[in-house]
Protein chains: 8
Amino acid sequence: SMVDSGSDLKHLYWKVTNPTLSPSHLQDLPGFTRSVYKQDHALITPESHDSDIRSVFDNAGHGFTLCNVPGKDARFIFVVQGAVTLTNVSGTSDKLTVDSYAYLPPNVDHSLRCDASATLVVFERRHDSLENQSTDQIIGSTDKQPLLETPGEVFQLRKLIPTSISYDFNIHIMDFQPGEYLNVKEVHYNQHGLLLLEGQGIYRLGDSWYPVQAGDVIWMAPFVPQWYAALGKHRTRYLLYKDVNRNPL
Amino acid sequence: SMVDSGSDLKHLYWKVTNPTLSPSHLQDLPGFTRSVYKQDHALITPESHDSDIRSVFDNAGHGFTLCNVPGKDARFIFVVQGAVTLTNVSGTSDKLTVDSYAYLPPNVDHSLRCDASATLVVFERRHDSLENQSTDQIIGSTDKQPLLETPGEVFQLRKLIPTSISYDFNIHIMDFQPGEYLNVKEVHYNQHGLLLLEGQGIYRLGDSWYPVQAGDVIWMAPFVPQWYAALGKHRTRYLLYKDVNRNPL
Amino acid sequence: SMVDSGSDLKHLYWKVTNPTLSPSHLQDLPGFTRSVYKQDHALITPESHDSDIRSVFDNAGHGFTLCNVPGKDARFIFVVQGAVTLTNVSGTSDKLTVDSYAYLPPNVDHSLRCDASATLVVFERRHDSLENQSTDQIIGSTDKQPLLETPGEVFQLRKLIPTSISYDFNIHIMDFQPGEYLNVKEVHYNQHGLLLLEGQGIYRLGDSWYPVQAGDVIWMAPFVPQWYAALGKHRTRYLLYKDVNRNPL
Amino acid sequence: SMVDSGSDLKHLYWKVTNPTLSPSHLQDLPGFTRSVYKQDHALITPESHDSDIRSVFDNAGHGFTLCNVPGKDARFIFVVQGAVTLTNVSGTSDKLTVDSYAYLPPNVDHSLRCDASATLVVFERRHDSLENQSTDQIIGSTDKQPLLETPGEVFQLRKLIPTSISYDFNIHIMDFQPGEYLNVKEVHYNQHGLLLLEGQGIYRLGDSWYPVQAGDVIWMAPFVPQWYAALGKHRTRYLLYKDVNRNPL
Amino acid sequence: SMVDSGSDLKHLYWKVTNPTLSPSHLQDLPGFTRSVYKQDHALITPESHDSDIRSVFDNAGHGFTLCNVPGKDARFIFVVQGAVTLTNVSGTSDKLTVDSYAYLPPNVDHSLRCDASATLVVFERRHDSLENQSTDQIIGSTDKQPLLETPGEVFQLRKLIPTSISYDFNIHIMDFQPGEYLNVKEVHYNQHGLLLLEGQGIYRLGDSWYPVQAGDVIWMAPFVPQWYAALGKHRTRYLLYKDVNRNPL
Amino acid sequence: SMVDSGSDLKHLYWKVTNPTLSPSHLQDLPGFTRSVYKQDHALITPESHDSDIRSVFDNAGHGFTLCNVPGKDARFIFVVQGAVTLTNVSGTSDKLTVDSYAYLPPNVDHSLRCDASATLVVFERRHDSLENQSTDQIIGSTDKQPLLETPGEVFQLRKLIPTSISYDFNIHIMDFQPGEYLNVKEVHYNQHGLLLLEGQGIYRLGDSWYPVQAGDVIWMAPFVPQWYAALGKHRTRYLLYKDVNRNPL
Amino acid sequence: SMVDSGSDLKHLYWKVTNPTLSPSHLQDLPGFTRSVYKQDHALITPESHDSDIRSVFDNAGHGFTLCNVPGKDARFIFVVQGAVTLTNVSGTSDKLTVDSYAYLPPNVDHSLRCDASATLVVFERRHDSLENQSTDQIIGSTDKQPLLETPGEVFQLRKLIPTSISYDFNIHIMDFQPGEYLNVKEVHYNQHGLLLLEGQGIYRLGDSWYPVQAGDVIWMAPFVPQWYAALGKHRTRYLLYKDVNRNPL
Amino acid sequence: SMVDSGSDLKHLYWKVTNPTLSPSHLQDLPGFTRSVYKQDHALITPESHDSDIRSVFDNAGHGFTLCNVPGKDARFIFVVQGAVTLTNVSGTSDKLTVDSYAYLPPNVDHSLRCDASATLVVFERRHDSLENQSTDQIIGSTDKQPLLETPGEVFQLRKLIPTSISYDFNIHIMDFQPGEYLNVKEVHYNQHGLLLLEGQGIYRLGDSWYPVQAGDVIWMAPFVPQWYAALGKHRTRYLLYKDVNRNPL
Ligand SMILES: [Mn+2]
Ligand SMILES: [Mn+2]
Ligand SMILES: [Mn+2]
Ligand SMILES: [Mn+2]
Ligand SMILES: [Mn+2]
Ligand SMILES: [Mn+2]
Ligand SMILES: [Mn+2]
Ligand SMILES: [Mn+2]
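Analysis parameters
- Residues numbered from 1 in each chain as written.
- Chains lettered and ligands numbered in written order.
- Predicted model: local features only at pLDDT ≥ 70, side-chain atom pairs only at ≥ 80, totals over all residues.
- Heavy atoms only, no water.
- Contact = heavy atoms within 4.5 Å.
- Salt bridge = Lys/Arg side-chain N within 4 Å of Asp/Glu carboxyl O.
- Polar contact = N/O pair within 3.5 Å; in protein donor to acceptor, adjacent residues only side chain to side chain.
- Helix = DSSP H or I, 4+ residues; strand = E, 2+ residues; numbered from the N terminus.
- Nonpolar A, V, L, I, M, F, W, Y, C, P; charged D, E, K, R; others polar.
- Donors = N, O, S within 2.8 Å, 3.2 Å for Na, K, Ca; no water.
- Buried < 20%, exposed > 50% of the residue type's maximum accessible area, 1.4 Å probe, protein only.
- Least-squares fit on C-alpha atoms with pLDDT ≥ 70 in both.
- pLDDT = per-residue confidence, 0-100.
- Pairing = 2+ DSSP bridges.
- Axes fitted to C-alpha atoms, helices over the stretch in contact; angles between N-to-C directions.
- Phe/Tyr/Trp six-rings, centres within 6.5 Å; stacked < 30°, edge-to-face > 60°.

**Q** Help me understand the interface of chain H and chain E in this model?
**A** How big an interface is tends to be stated in terms of the accessible area lost upon association of its parts. Taken together, the contacts link 14 residues of chain H with 14 residues of chain E. Where chain H meets chain E, there are 0 salt bridges. For the pair chain H and chain E, the interface holds 4 residue pairs in polar contact (both at pLDDT 80 or more). For the side of chain H that touches chain E, the secondary structure elements donating two or more residues are strand 13 (200-205), strand 14 (208-213) and strand 16 (226-231) of chain H. At 4 residues, the largest contribution of residues to the side of chain H that touches chain E is made by strand 16 of chain H. Within the side of chain H that touches chain E, the residues separate by chemical class into 10 nonpolar, 3 polar and 1 charged.

**Q** Whenever I open this one, the coordination of the manganese ion (ligand 3) confuses me. Can you help?
**A** A four-donor tetrahedral metal ideally has 109.5 degree angles, and a six-donor octahedral metal ideally has angles of 90 or 180 degrees. Residue and element names in this part refer to chain C. Note on the manganese ion (ligand 3): its protein donors are Glu 186 (OE), His 188 (NE2), His 192 (NE2) and Gln 226 (OE1). The metal-donor distances range over 2.0 to 2.3 Å. Read from N- to C-terminus, the donor residues coordinating the manganese ion (ligand 3) fall into the pattern E-x1-H-x3-H-x33-Q. Each member of the pair, Glu 186 together with His 192, is buried.

**Q** Honestly, the relation of the copies chain H and chain E in this entry has me stumped. Any pointers?
**A** Two copies of the chain are present, and they differ by a rotation about an axis and a shift along that axis. At an RMSD of 0.0 Å, chain H and chain E line up after a rotation of 180 degrees and a shift of 0.0 Å along the axis. With respect to symmetry, the two chain copies, as superposed, fit the operation of a two-fold axis. No C-alpha of chain H lies nearer the rotation axis than that of Gly 179 of chain H, which sits 1.9 Å from it. Comparing interface residues between copies, 100% of those in chain H also sit at the interface in chain E, which points to an isologous, same-surface contact.

**Q** How should the confidence of the model for chain A be read in this particular structure?
**A** Predicted coordinates in areas of low pLDDT are best not read in detail. Residue and element names in this part refer to chain A. The share of residues in chain A with pLDDT of 70 or more is 80%, and the mean pLDDT across the chain is 82. Note that pLDDT drops below 50 for residues 1-8; the model gives that stretch 10 contacts with residues more than four away or on any other chain. Across residues 51-70 the pLDDT falls below 50, and counting only partners more than four positions away or on other chains, this stretch makes 66 contacts in the model.

**Q** I tried to follow the sheet that holds strand 15 (residues 208-213) of chain B on my own but got confused; where do I start?
**A** Two orientations exist for strands paired in a sheet by backbone hydrogen bonds: parallel and antiparallel. Residues and elements named next belong to chain B. Spatially, 3 strands are ordered 15-14-17 in an open sheet, and the strand pairing comes out antiparallel. Only two strands of the sheet have a single partner each, and these edge strands are strand 15 and strand 17 (226-231). Each adjacent strand pair in this sheet contributes to an overall mean axis angle of 20 degrees, direction not counted. The sheet contact formed by strand 14 (residues 200-205) and strand 15 spans 6 bridges and is antiparallel. Paired with Arg 204 across the two strands is Trp 209, which belongs to strand 15.

**Q** Which parts of the structure should I look at to understand the coordination of the manganese ion (ligand 6)?
**A** All names here are of chain F. Bound to the manganese ion (ligand 6) are the protein donor atoms Glu 186 (OE), His 188 (NE2), His 192 (NE2) and Gln 226 (OE1), situated 2.0 to 2.3 Å from the metal. The sequence motif formed by the donor residues of the manganese ion (ligand 6) is E-x1-H-x3-H-x33-Q. Under the relative-accessibility criterion, Glu 186 is labelled buried at 17%. Here His 192 falls in the buried class, since its relative accessible area comes to 2%.

**Q** Is there a simple way to explain the sheet that holds strand 13 (residues 200-205) of chain C in this structure?
**A** All names here are of chain C. Spatially, the 3 strands line up as an open sheet ordered 14-13-16, and their pairing is antiparallel. Unpaired on one side and paired on the other, strand 14 (208-213) and strand 16 (226-231) mark the two borders of the sheet. Taken pair by pair, the neighbouring strands of this sheet meet at an average axis angle of 20 degrees, ignoring direction.

**Q** For this particular structure, what's the right way to read the pattern of salt bridges?
**A** Across all of its chains, the model carries 80 salt bridges over all chains by this definition. Two residues, Arg 235 of chain B and Asp 175 of chain B, come together in a salt bridge whose shortest N-O distance is 3.6 Å. Of this pair, Arg 235 of chain B sits in the loop between strand 17 and strand 18 (236-243) while Asp 175 of chain B sits in strand 12 (residues 169-176), placing them 60 residues apart in sequence. For Asp 175 of chain B, a relative accessible area of 2% puts it in the buried group. Its salt-bridge partner being Arg 75 of chain H, residue Glu 124 of chain H comes within 2.2 Å of it at the nearest N-O pair. Remark: Arg 75 of chain H occurs in strand 4 (residues 74-88) and Glu 124 of chain H occurs in strand 8 (residues 118-125); sequence separation between them is 49 residues. Given the relative accessible area of 5%, Arg 75 of chain H is considered buried.

**Q** How should the packing of aromatic side chains be read in this particular structure?
**A** Two descriptors summarise a pair of aromatic rings, namely the distance from one centre to the other and the angle between the planes of the rings. Overall, the coordinates contain 132 aromatic pairs over all chains when judged by the stated rule. Their ring planes at 40 degrees and their centres at 5.4 Å tell us that Phe 155 of chain C and Phe 176 of chain C sit as a pair that is tilted. Placement of the pair is Phe 155 of chain C in the loop between strand 9 (138-141) and strand 10 (156-159) and Phe 176 of chain C in strand 11 (residues 169-176), with a sequence separation of 21 residues. Aromatic ring contacts, followed pair by pair, group Phe 76, Tyr 101, Tyr 103, Phe 123, Tyr 167, Phe 169 and Tyr 241 of chain A into a single cluster.

Shown next, in the form of structure tokens:
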């Protein structure tokens, strides 16, 4: 049932795996989708998800379970639902539960085991290394990250990856209370991948305005004008991939 | 619950008052609607319904309950859910249940009483009378109307109002099996009001293509190119208002 | 068969009732049509024809057979295929064959009888009469009409109705050889209805460019920019309704 | 200065006469305007105001001062800034200050005198009278009007004109807290004129999304899909004209 | 030749009858025109002129010679090239040369005789008379009209018709130096007809931006956002019809 | 002749080489085509075919006969009409008739001989090899391939190439009964080439909706939202190229 | 002067250097151009020419004079006006007059000397060489090239470069009589550069229709649907660059 | 305050750091921006600036302060506000004040120190070196550069970098008086980055027309049709990056 019968039964980010139109989306309107793919942005909504989804710059897949994957690119994992155990090459194991995450440097052997079902967000990127710089494995949890300064803005910001120059991307967790919005209508060379973890609002991308909600995925190309406003009775939280620290030339 | 738990518990045209996105449409996406209003057609979907809805040429309201209404225009009433009792000026009473309907000539006093909840489709039109011609009150039921010839087409057609020249509009009930469609991509001077009673498919209106389902309402202006194809596992049935028998000049 | 097996077997204007896509248009693509209806013009092609087609300003129906019709508006009839017998109130009968036509003043009783099949173009217009002016019944044939001057233009022009002020519309027959086109890209207050009788080419209407061929019908609203170019190996001939001689205020 | 130096110095609805881009809008960008006029809606922003502005259905002028105007249509006046004295035919005078308003029936002689500067919103409408029904002069103030029920919605609603059938339009005062929005994405036959008195947000009209703020004027044609969401730190209040109580046929 | 060989040989408003693309416009590109007709405005350029051109609200014909026309509507005549002799019912004759004009009240018999070629702009309007008010015949010349105040604007303004309430339209002559533009991006209920007499620049109408030059004609519907900027080395002068002094309801 | 005179005389996939508009498409409308080429998809219809057609990612040519071609890329061949004999480097010969196919690894010498006319679909791709992995020559026939599971979907699926990781693309044969459609409105990183072998329906690609029929070719870029519904009285079958098993980074 | 005073005084291809809008294009409308640059095609018209113009795939400059240029890419030169002397590394000199051309292999030293003014079309391309294949210098003249077969088409075709596999592009000279057009609405992987040498007509590129004339330059990206129709009283001739003989993968 | 209180207090290029909408742009309309990013051009306005802005081809950032940056690409620095001290590898120091600039060859160590606040425009480009050619460090000031010839144009041009072939880009300073505009509507292979230093006007880019003012940034892709007209009472000055001297193949 779609009736929101008892919020205490629902884990954090419950809406991501139970978006408003789900679980009935397979009985949905023939040919109807909110998904959009344009030159400078994409919106990918639950009725368009299949098991092969990967975004154009790295794997922004939502909703697939990934177990025991050796990998060559750098990888970022965020647990949306369930729990997985991450074991790295030295044999150390970490249990990742909802809201926790890991950054895995390139060429580091590791495996992910899920005891029951789990939903992960996975970003992969061909690492752009700098001389005499290397990245380390990171295990963390969103609620342990400090709030950062956001001059001129009102949203709350946490970063999940160190800002040091060896890392070529970062993951932001951004929170907006209802009625709050980005003051700067940003235009920048950085690319974004975004997963709405909680809440609902309006995303403007170029000339297009999209109602969005938890479970929606967005891709923003470099330079697309971008802006968000949170609506409703609860906070919006989204997870945002951003490439940083490299010369865009 | 949106789960389609037992079709035997559902009355005819159940989907009209329980469209796929309902009853949760008030918790729906902020600002999101499938409703469209263009110069030559409109699509009005459940999340846009309020109690004042009336189409541009007559009252194609869906979902409001109408009791005891004296009226000056000609009026057509179709029962989608529940039952009403129609009493005319001579004191005769008729009980109208789901799938039955009435045509009430202009200037004929009458009242509609609903014992419990009921959902009606009501069309009103300023009657365009001809000399020496008058219209009569009609009480009928869709399943009593004969199937008519549709040369060059495959859909099943019933007409709810006599085709004689004194009536200035008619109501068609049109049925399509999955995969069937209109062979002629119609362009004509007649205006239409349409309520999808059962099923789902694609409606083309001018250059626009719309996924539609039971509960959706369409307005088609004169001359808009129009075409329908039925999809899914069950038949489509729609109710169609059409102005007829009058010089469009 | 669509093969153009012997042109000597084909009557004048044969393509109008046998357009390139016909007679197979009922087996055509689902939902596909070249018909367009915009605010300032319309293109109506054979796969959209049904028996009720009437243009927005008068009855520009193509392809229906009309017998024994008393009428209140002024009426113009042009025979595209077959033959009809026109009998007026004084009992005079005229046989109208392909390429012949009649103008019938308003309020003049008359009947049209077709011995076999016939295809007519019929224009009707609510006559806008002037004081002390009346119109007469006209019977004529296109090939009997003189070629008129067209300063600054290269097409050949005939008019089927007298140009005197009592008539509020005229019918032009315009011929273009392949490669010829309108020099003036016209913008004017007059409305047009057009039936392509022979040939093929490109019609520009506002910002839209349409490939057209014999059998296509066009409506042009007042002030729509308009232009035609004839293509192929044979002449284009079209029949054009134009309102004239009345103050557009 | 545009610096918001002390809110205690600003009267109610101060932003309407001091919108964010004012008072420098005459030095603004050449040719730049947020004003839009489409078939089914209009947005009129301060840089487009001249002294002749009137909306298409009645006079929704913003910012002009109107003194001593006898009138034949029904008239509604709302004071946005300053004060005026209304004197009617019987010699009674009322002082109208910010947030107060008057309804003047048709054919009632009256005059408006402003001692100093004043800014009024004036709506006029050709009164559509019913037999045996008449309307009365009304003097009122927004803060005296009771909050009304809004089933399924969260905004706060006041109506400035009686809902009885003799009145053919009403004026709604609607308040939204930041993050609040219309649940129903309305489509209805009623026309609207709107003046944003306080706050800022997003208005969706058909397929267009507009950032709006105090001082902006909107016209909504019948049937245009419409929706609003309030943003920022303060409430939105808008004044809304709506035609009611008359058959739209 | 299009070479601008000697400006001293050219009369005032020479460019109107000799636009940059003329006299070669008949050898112009097939199907190419700058003319546009949209719902809320039109641009009509020389390659679209034929002898029947009339704007939608009155006769904004450019380039036709009009002799001896009795008329029922009010009429305004402006001489662009050549000269005409106006004789009214009382036998008085006036010679109108370039830059002079006449206003003729409705129902006033008059004739226009041109000894040689002449080019006139003629506006006609069904006069909307007020009780106890009448209009008078006016003969004048632009250079005799005083410059008027234009608060907040920089252009130079002359009005050719009295501003008293009996006249339901006026004709403005507006001059802009290169680089000057309208400060207000106007939106108003009044309709406009415009003929560019001298110069060149950019006209914004709604969302469309048009390069324009002497000889171009524009129609602006009520409420279309409108703005002009003058460019080049010489002043722009345009003649502007505007309906005034009447309730738009 | 386009008359569908006897279906028993027609081989499988007859419509591909005899689409509805053929063989008269060379006498078709000047300048008219259903072909579309957009940033994220293309539709290529028979009136646009010439002998050089190749899709952007590999050779999706339709309708050309290819004999004796040594090749350096991997190649997939499917016989639509007629028969060819494939001889590989070891001298083995295979006769390929309608519905049979071959996969030829890169750098494998081979020749194709056609005794009479034949129509092939040929896909070529620069092979993306993996270490210690190679691909083998495959000869097969569609009707010999097993039906595969399609969880959440109703269409019938066969794959013509092994799913093992050494192959970097696959060919799907997908069958839909009339009224059936894709439940997921797919968005994925994989590119597609498609040839409609049988039937007709509607393809949605991004915001565009296309009526399609046997003989039509489609290209889908990565991430274009895509959806199909089958219409009419007979099944749709299409052949679908899909890149698989490689990291899209 | 634009007056077409005596055609016997005009050399072949005179219109290319004297297009209809020239030589007055510098006095043209401010900001007006027929030039268009879209993702899949471009139209470049004379008012956009400056001395730096080069097309995206090779140098399709029109109207510049090029003397003494050593070059590393392959180069094709066509003389539109005047004459040049080409001297190659071995000291051989050739005089190239109007309608003659040269192909210069890559890395071949050469110089071009013009005694008086000359207008050349120059295409350069980074040569894509094949093993054991080389290209030779070619000197030729259009009128010496044989007419080639064009099955299914009516235009006249000449090729200026050998069709052997060592050449990776060709130059076609295509002639159309008025009313003639391309039968195939081509879609192909080859790119085109085009210069209209004589005549006028309509070019369709994707969904756009362009009136074109001698002097216009077109770029067509791979796969853009393309079609031409010739209009007017004289033949159209255009010069067309096409990449050939190379695998597009 | 936005009041333009005394122009003598304002330094050169004051508007760039104080655009009309600033410093209040953070209190601006939610979601409103004039910024646009299209395939062939971008407009970036002050409300979209954040500290990471970099254009797609090099760093066209506006408004950030850059101190002590060793660099590998060639770099161009222009001082818009304040002053910086540039020290190169040999220890030479230069003070750069408003209107002065430096070109720094690639791989030349240097540092920039700003004593107080400063605003710089910085362009970086991966240097495309030619054999036996090198570039030198340049220190200059706009007002020391000579005016250059601009045949066929009226604007004033200065170049800040030598035109010799070793430099692969140049920086133009272009001045227009009100009413002046580009005569050629340019289409060329060169890319541009532009910062409007003074004034206001209209920029046409492809089919889009933009009001622009000091502080606005524009990116123009190769081949985008481009045109500017200056408006208002003061000159426009803009700084323009242009790639030159390299083969675009
Ligand atoms: Mn961002
Ligand atoms: Mn219909
Ligand atoms: Mn016409
Ligand atoms: Mn409403
Ligand atoms: Mn105006
Ligand atoms: Mn797919
Ligand atoms: Mn081609
Ligand atoms: Mn440029």
